[in-house]
Amino acid sequence: MKTKKIKTIALIAHDNKKSAMVNWALKNKETLEKYALCGTGTTAKLVAEATDLPVKRYLSGPLGGDQQIGAKVAEGKIDIVIFFWDPLESQPHDPDVKALLRIAVVYDIPIATNKATADYVIHSAFLEN
């Protein structure tokens, strides 16, 4: 009998979207607890504190966290990225953000960049496969 690999979901949010990410995680806590969770710096900390779920913390996005998540995607260790990004706010680490989006596309993993898409992804029948 083959054991089923637990999928890993990365949670990332720009500063103006962190409260939306926390609210989304609270709303979806029952689903999220079935998966391994990780995230960048403050986002991981806030989600873990709000939900009492274990969330592996990487560096803050501007300090290399986006690159760390991208590397884990390339290694096949992250299966889904939920990234509430703020397209209206200039980010000092914008090249890292674009690199993360690019690597998710290259490795063909779901990357949700807003709440609507995150809801579709997290409740998809494909998530269970």
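Here, the structure is the one placed above.
What you see is a predicted model, and the numbers here were worked out from it, not measured in a lab.

(A) Inspection of unusual backbone geometry at higher detail. With a phi angle near 65°, Asp52 is a residue other than glycine that sits in the positive phi range. For Asp52, the location among the structural elements is in the loop between helix 3 (41–51) and strand 3 (55–58). A relative accessible area of 66% means that Asp52 is categorised as exposed. For Asp108, which is not glycine, the phi torsion reads 55° and is therefore positive. Relative to the helices and strands, Asp108 is located in the loop between helix 5 (94–106) and strand 5 (111–112). A residue is classified by how much of its surface remains accessible, and Asp108, at 69% relative accessible area, is exposed.

(B) Fine view of the sheet that holds strand 4 (residues 80–84). The strand order 3-2-1-4-5 describes an open sheet built from five strands, whose pairing is parallel. Each end of this open sheet is capped by a strand with a single partner; those strands are strand 3 and strand 5. Pairing of strand 1 (residues 8–13) with strand 4, which is carried by five bridges, proceeds in the parallel orientation. In the sheet register, Ala13 faces strand 4, and the bridge partner there is Phe84. Helix 5 contacts strand 1, strand 4 and strand 5 of the sheet and is inclined by roughly 145° relative to strand 4.

(C) Spotlight on the pairing of strand 2 (residues 36–40). The buried fraction of strand 2 amounts to four of the five residues, a majority that puts the element mostly inside the structure. Of the pairings in the sheet, the one linking strand 1 to strand 2 comprises four bridges and is parallel in character. Residue pairing for strand 2: Thr8 is matched across the bridge by Ala36. As judged from the four bridges shared by strand 2 and strand 3, these two strands associate in the parallel manner.

(D) Main features of the pattern of salt bridges. Applying the stated criterion across every chain, the model contains six salt bridges. Here Glu75 ties to Lys77 by a salt bridge, and the two come within 3.6 Å at their closest N and O atoms. Between Lys115 and Asp119 there is a salt bridge, and its shortest N-O distance comes to 2.9 Å. Taken together, the residues span about one helical turn, with Lys115 and Asp119 both in helix 6 (residues 115–122) at a distance of four residues. Connected via shared salt-bridge partners are Lys72, Glu75 and Lys77.

(E) Local environment of the environment of Ala48. Mapped onto the fold, Ala48 is located in helix 3. Sequence separation between Ala48 and Leu37 is eleven residues, and the spatial gap between their C-alpha atoms is 9.3 Å. Every residue in contact with Ala48, bar those within four places of it in the chain, is listed here: Leu53 and Val55.

Definitions and cut-offs
Residues numbered from 1 in each chain as written. Predicted model: local features only at pLDDT ≥ 70, side-chain atom pairs only at ≥ 80, totals over all residues. Heavy atoms only, no water. Helix = DSSP H or I, 4+ residues; strand = E, 2+ residues; numbered from the N terminus. Buried < 20%, exposed > 50% of the residue type's maximum accessible area, 1.4 Å probe, protein only. Pairing = 2+ DSSP bridges. Contact = heavy atoms within 4.5 Å. Axes fitted to C-alpha atoms, helices over the stretch in contact; angles between N-to-C directions. Salt bridge = Lys/Arg side-chain N within 4 Å of Asp/Glu carboxyl O.

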